[in-house]
Amino acid sequence: MTKRILALILIFNLTACAELQEVVKQLPQSGGVLSNADIAAGLRQALDFGIDKQVSKLTQKDGFFRNELVKILLPDELKKVDKGLRDIGLGNLADEGLKVLNRAAEDAVKEATPIFVNAVRDITFADAKNILLGEDNAATQYLTGKTQTDLYNKFKPVINSSFSKVGADQIWENLITKYNNLPFTNDVNPDLTDYVTGEALKGVYTMIAVEEKEIRNKVSSRTTDLLKKVFALQD
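As the structure is a prediction and not an experimental result, all values here were calculated from the model.

Peer 1: Please clarify how the overall build of the protein should be interpreted in this entry.
Peer 2: Along its length, the protein carries ten helices and zero strands. The linear arrangement of helices and strands in the protein, starting from the amino end, is α-α-α-α-α-α-α-α-α-α. Going through the 235 residues of the protein one by one, you find that 45% of them count as buried. Carbon and sulfur atoms form 50% of the exposed surface of the protein, whose accessible area is close to 12,500 Å².

Take a look at the structure:
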């Protein structure tokens, strides 16, 4: 018990990254202390909670559109489209164009969430303790690095399908056609599917990070014994 207490005291007193990692490596992994496997399970549970409690909010109507953390705004090349249409009295059409981008993301996240859940389950945290003692979103950052490319490839066709489902493709075809017919403007033809896919993924990771931060910083958010034991190590 004395050795464990001394090890934890050393962790909190050392601030240099190299020193912290060295201390982490020396923490005991047996004799009642949580193992890397236990810590990895706790981190996966925290990410699962993020998906269940936070990402699920994105699938609801206005889950993106009314959430300032993740609301999808227009890409730079479309800001001139927005301004051009408003200048000729088509502000309502411009507003609808922005809304349907967010609707497509909301619809896509609903269908793609199981993909994300499976990705979390497949993660092995070889450096689980380093992640545990990292930044407030360290687990989310790790998850992002391991899953972003694969999730993008799976997300994009869902977004493309969602564009048709919510009518975004027709609305934006109309918007861009009207803009391109305006005098003294350069034609635009943005890849909205690619843009919304990237923004939707960023929104998903943002909301998972929200839950991770809650669990790291609020004891009351650790609603299982495993979460309590694992995150007590970083308190």
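Peer 1: Help me understand helix α10 (residues 225-232), please; the structure alone is not making it clear to me.
Peer 2: Two residues of an α-helix separated by three or four positions point the same way, owing to the 3.6 residues in each turn. Regarding α10, the residues found buried are Leu227, Val230 and Phe231. Within α10, the buried residues cover an arc of 85° as seen down the axis, which keeps them to one side. Of the residues in α10, the exposed ones pointing more than 90 degrees away from the buried face are Asp225 and Lys229. Its buried side turned inward, α10 meets α3 (36-58), α6 (128-132) and α9 (192-217).

Peer 1: How should the side chain of Thr113 be read in this particular structure?
Peer 2: By the element assignment, Thr113 lies in helix α5 (residues 91-121). Look at Thr113 and you get buried, because its relative accessible area is 18%. Not counting the four nearest positions on each side in its chain, Thr113 is found in contact with Ile51, Val55 and Thr59.

Peer 1: Explain the nonpolar core here, please?
Peer 2: One broad trend across soluble globular proteins is that nonpolar side chains are buried collectively. The biggest cluster of nonpolar side chains holds 63 residues, and the ones touching the most others in it are Leu43, Phe116, Phe125 and Trp172. Secondary-structure elements contributing two or more residues to this core are α3, α4 (76-87), α5, α6, α7 (138-165), α8 (168-180), α9 and α10. Looking at this core, the element that brings in the most residues is α5, giving eleven residues. For Phe125, the contacting residues outside a window of four places in its chain are Ala40, Leu43, Arg44, Leu47, Ile131 and Tyr142.

Peer 1: Is there a simple way to explain the packing of aromatic side chains in this structure?
Peer 2: Two descriptors summarise a pair of aromatic rings, namely the distance from one centre to the other and the angle between the planes of the rings. Applying the stated rule across the entire model yields one aromatic pair. Lying over the aromatic face of Phe65, Lys71 brings its terminal NZ or CZ to 4.6 Å of the ring centre.

Peer 1: Can you help me understand the pattern of salt bridges in this one?
Peer 2: Side chains that differ in sign of charge can pair as their charged atoms come close. Under the counting rule described, the total for this entry stands at twelve salt bridges. Salt-bridge contacts for Lys53 lead to Glu211; the nearest nitrogen and oxygen are separated by 3.3 Å. Residue Lys53 is found in helix α3, and its partner Glu211 is found in helix α9; the two are separated by 158 residues along the sequence. The exposure class of Glu211 is buried, given its relative accessible area of 2%.

Peer 1: How should I be thinking about the environment of Leu93 in this particular structure?
Peer 2: Mapped onto the secondary structure, Leu93 falls in helix α5. For the pair Leu93 and Trp172, spaced 79 residues apart in sequence, the C-alpha separation works out to 9.4 Å.

The rules behind each value
- Residues numbered from 1 in each chain as written.
- Predicted model: local features only at pLDDT ≥ 70, side-chain atom pairs only at ≥ 80, totals over all residues.
- Heavy atoms only, no water.
- Helix = DSSP H or I, 4+ residues; strand = E, 2+ residues; numbered from the N terminus.
- Buried < 20%, exposed > 50% of the residue type's maximum accessible area, 1.4 Å probe, protein only.
- Areas by Shrake-Rupley, 256 points an atom, 1.4 Å probe, with all protein chains shown as cover.
- Arc of directions from axis to C-beta.
- Contact = heavy atoms within 4.5 Å.
- Core = buried A, V, L, I, M, F, W, Y, C linked by side-chain atoms within 4.5 Å.
- Phe/Tyr/Trp six-rings, centres within 6.5 Å; stacked < 30°, edge-to-face > 60°.
- Lys NZ or Arg CZ within 6 Å of the ring centre and 35° of its normal.
- Salt bridge = Lys/Arg side-chain N within 4 Å of Asp/Glu carboxyl O.

By themselves, these are just geometric observations and shouldn't be taken as functional.
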